[in-house]
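Below are the chains, spelled out letter by letter.
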Amino acid sequence: MSPASIPGPEQLYDSAPCGLLLADGNGDVLLVNDVLCTWLQCGREELVGRKRFQDLLTVGGRIFWQTHLQPLLRMQASVAEVKLDMMRSGGPPLPVMVNISERPWNERKLLHIAIFVAEDRHKYERELLLQRRRAEELSQQHARDEQQISDARAQAEDRARFAEQLVGMVSHDIRNPLSVIQMSAVLLDRGVSAEQQRQVTGRITRAVRRMQHLIADLLDFSQARLGRGLSIRKRSCDLQQAIADGVAELALAFPESSLRHERVGTAVMEADPDRIVQAVGNLVANAVNHGARGEPITVRSEAVESGFRVSVHNRGKPIAAGLLPRLFEPMVRGAAPGAAQGVGLGLFIVREIARGHGGTVDVHSGEEGTSFEITIPRPHP
Amino acid sequence: MSVLRRNNVMLIGKGPPMLFLHGFGCDQNMWRLLAPHFAETHTCILMDLVGSGKSDLAAYDRQRYDTLHAYAEDVCEVLEEVASAPAICIGHSVSAMIGLLANLRCPDAFLAQVMVGPSPCYINDGDYVGGFERKDIESLLETMESNYLGWSSNMAPAIMGAPEQPELAVELTNSFCRTDPEIAKQFARVTFLSDLRSELPRLHAPTLILQCSDDLIAPRAVGEYMHRQIPNSTLAIIDNVGHCPHLSAPSASATAIERFIAQL
């Protein structure tokens, strides 16, 4: 083969099918080939002796060079397949793949750099990155959806369990008064004296009242539970008088208990007196069931500057601390023995009535007894 | 889990303790030219920040390490474990700031701070020249993302070899600066978006700021700014291009550090 039959080293260098660059250890450009000059759209004289290799990179690439690639080169004398973007005059940065090796030459170290255009590869990688990000988002979305589904499922299970328990409690609470009525009917059928008859019909009336009370509670509960809240019909009324009348009726309903009413100030204001009396009634019923037998129960109603306060206090064992936070949730029952209790909706309804008036209900329970206090604000004129 | 295992702590030499903290993008092998020199007179404590080098990657908690303070906490724990006396802390780049935070957190553990190419804030802000704009940092993150493989694998030596460095153990060559790409990205964000300028005046330990004459990451203006802000500081300029004088100008770096230590 004659020497002219293939190109000489310089021609080979200049027309190599990749960009070639030689730099000193600091990156100062010593030599570039034609191909790289063409890619970067600049003359050789603009590069050699004027620029450093890292100056030709985007800022991100320069930081990457200084913090990662340069130490890597010092350590292992070569890096390969590094993806960088090179700046070019009058055009967007050029994505390239770069191989670099550091080789000693006459007492110093030179960087031999080979550069390959990677535009299509760059597009493909960007697409991959986008898809990966998309996949990550979808998987996060998926995790959120699953969480939502499992939350909803837990809620539905709670409700189902709750409904089952409610059916059980209601059946139990209706069976007792019904058996009272049935036994009374048997007694009446046998024929009794006028005195006994009055006792028997009294028992029937009380059993019916218990069932009516229970049914009213259930209706209120389902109304509140469906998110509509209890129906509250406010009108201008004398709350003190309404409570006094209510306490008088409660005294008849619970003849064995000693019920006291303390009233402070007058309170003519916008409220639903029937609902307030209902709430006081629920609290008194609880006090009768859970309080110490024979100890007085005190209803205290008080007009205050900001509105109106009514509390029911009884003596007896304190409520267990663990129970306090859930006390106003439906179907939470205290420790009192069975039949005397309701379905566990009483306090829930008290809270709904207080809320319906824009107010609150609080409980304090300790050695001195238990006290529930409803506070309702005076509506703004 | 042991702190020593977590941070891949290595001890070499004998004498008063000297702690070396590597910067962003690498690991404790950055100190391979400097640490053996100081090991003749000091106990050199080398460690990898969690997420870098051979630290325990399982200890990397994305939420915890979302701030440099977590790294400073780790540094205090390491010193508590291994240092018998207050240490001279040599921190490179972001780790100069981690050293500063650790010094503020547990001042009794430190004798002095040597900051190699430090910057309290990389992003320009009003009159303050950090050297970068926010979009530059975005561009870095993009570059890192497209070099995903560069962090997790290292094909270079296998393909091209490191013929002139026979002293390098193959194992070292294959692991240097290698970590989980996602961690590297988060560390880049935490590093380059940090702003600790307000902490500088609080550092009262004797401090040497080792500034390179030509450093893109920490321009001279930043070194001068730090010198003005840190009460008990000395500024030394090393003639060096780049951000790693301990690799490219090890003897000049060692001399500057020794001169500083002699005055302590």
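A. Looking closely at the overall build of chain A. Along its length, chain A carries 9 helices and 12 strands. Looking at chain A alone, contacts between residues at least 24 apart form 58% of all its contacts between residues at least 6 apart.

B. Geometry of the sheet that holds strand E7 (residues 259-264) of chain A. Residues and elements named next belong to chain A. Here 5 strands make up an open sheet; going across it, the order is E7-E9-E10-E12-E11 and the pairing mixed. If you trace the sheet from one side to the other, it starts and ends with E7 and strand E11 (360-366), each paired once. Taken pair by pair, the neighbouring strands of this sheet meet at an average axis angle of 15°, ignoring direction. By the bridge criterion, 6 bridges tie E7 to strand E9 (residues 297-304) in an arrangement that is parallel. Looking across to E9, one finds that Val264 is bridged to Glu302. Its contacts with the sheet place helix H7 (residues 239-253) against E7, E9 and strand E10 (307-314), and it is angled at close to 175° to E7. The strands touched by helix H9 (residues 346-356) within the sheet are E11 and strand E12 (369-377), with E11 carrying the most contacts at an inclination of about 135°.

C. Fine view of the packing of helix H8 (residues 273-290) of chain A against H9 of chain A. Residue and element names in this part refer to chain A. Remark: H8 packs on H9, axes separated minimally by 9 Å, with the N-to-C direction vectors making an angle of 150°. In terms of axis orientation, H8 runs roughly antiparallel to H9. For the pair H8 and H9, the crossing hand works out as left-handed. Every residue of H9 that contacts H8 at Arg275, Ile276, Gln278, Ala279, Asn282, Leu283, Ala285 and Asn286 is listed here: Gly346, Ile349, Val350, Ile353, Ala354 and Gly356. Looking at the contact of H8 with H9, its residues break down into 8 nonpolar, 5 polar and 1 charged.

D. Spatial organisation of unusual backbone geometry. Residue and element names in this part refer to chain A. For Asn106, which is not glycine, the phi dihedral falls at a positive 45°. Within the secondary structure layout, Asn106 lies in the loop between strand E4 (91-105) and strand E5 (108-117). Judged by the 5 C-beta atoms lying within 10 Å of it, Asn106 is exposed. Phi at Glu107 takes a positive value of approximately 75°, unusual for a residue other than glycine. Structurally, Glu107 is set in the loop between E4 and E5.

E. Quick peek at the confidence of the model for chain B. All names here are of chain B. Mean pLDDT for chain B: 88, with 89% of residues reaching 70 or above. For residues 154-169, every residue scores under 50 in pLDDT, and the model assigns this stretch 30 contacts once sequence neighbours within four places are set aside. For this predicted complex, the interface score ipTM comes out at 0.81, alongside a pTM of 0.64.

F. Seen up close, the sheet that holds strand E7 (residues 233-241) of chain B. Residue and element names in this part refer to chain B. Across the sheet, which stays open at both edges, the 7 strands sit in the order E1-E3-E2-E4-E5-E6-E7 with mixed pairing between neighbours. Single-partner strands in this sheet number two, and they are strand E1 (10-12) and E7. Here the average twist between neighbouring strands, direction ignored, is 20°. Taken together, the 6 bridges between strand E4 (residues 87-92) and strand E5 (residues 110-116) define a ladder with parallel strand orientation. Along E5, the bridge assignment pairs Ile90 with Val114. Packed onto the sheet, helix H4 (residues 94-105) meets strand E2 (17-21), E4 and E5 and runs at close to 145° relative to E4.

G. Local environment of the interface of chain B and chain A. At the junction of the two partners, chain B supplies 38 residues and chain A supplies 31 residues. Those elements that provide at least two residues to the side of chain B that touches chain A are helix H5 (134-146), helix H7 (156-160) and helix H11 (245-248) of chain B. Sorting elements by how many residues they give to the side of chain B that touches chain A places H5 of chain B first, with 8 residues.

H. Fine view of the packing of helix H5 (residues 119-190) of chain A against helix H6 (residues 194-225) of chain A. Residues and elements named next belong to chain A. At their nearest, the axes of H5 and H6 sit 9 Å apart, and the two run at 160° to each other. One element, H5, and the other, H6, form an angle in the roughly antiparallel class. In terms of crossing hand, the pair formed by H5 and H6 is left-handed. Residues Val170, Asp173, Ile174, Pro177, Val180, Ile181, Ser184, Leu187 and Leu188 of H5 touch H6, and the partners they reach there are Gln197, Val200, Arg203, Ile204, Ala207, Arg210, Met211, Leu214 and Leu218. Residue composition of the contact of H5 with H6, by class: 13 nonpolar, 2 polar and 3 charged.

I. Looking closely at the pairing of E7 of chain B. Inspection of the sheet shows strand E6 (residues 207-214) of chain B paired to E7 of chain B by 7 bridges, in the parallel sense. By the bridge assignment, Cys212 of chain B is partnered in E7 of chain B with Ile238 of chain B.

J. Seen up close, helix H12 (residues 250-262) of chain B. Residue and element names in this part refer to chain B. Helix length check: H12, at 13 residues, gives a terminal C-alpha distance of 18 Å against a target of 18 Å (1.5 Å per residue), a fit within 8%. Along H12, the positions that sit buried rather than exposed are Ser253, Ala256, Ile257 and Phe260. The buried side chains of H12 occupy one side of the element, clustering within an arc of 95° when seen end-on. Relative to its buried face, H12 has exposed residues pointing more than 90 degrees away, namely Ser251, Glu258, Arg259 and Ala262. Contacts from the buried residues of H12 go to E5, E6, E7 and H11.

Conventions and cut-offs
- Residues numbered from 1 in each chain as written.
- Chains lettered and ligands numbered in written order.
- Predicted model: local features only at pLDDT ≥ 70, side-chain atom pairs only at ≥ 80, totals over all residues.
- Helix = DSSP H or I, 4+ residues; strand = E, 2+ residues; numbered from the N terminus.
- Contact = placed C-beta atoms within 7 Å.
- Pairing = 2+ DSSP bridges.
- Axes fitted to C-alpha atoms, helices over the stretch in contact; angles between N-to-C directions.
- Parallel < 35°, antiparallel > 145°, perpendicular 65-115°, else oblique.
- Left-handed = near helix turned anticlockwise from the far one by under 90°.
- Nonpolar A, V, L, I, M, F, W, Y, C, P; charged D, E, K, R; others polar.
- Buried ≥ 20, exposed ≤ 12 C-beta atoms within 10 Å, placed from the backbone.
- pLDDT = per-residue confidence, 0-100.
- Expected span 1.5 Å × (residues − 1).
- Arc of directions from axis to C-beta.

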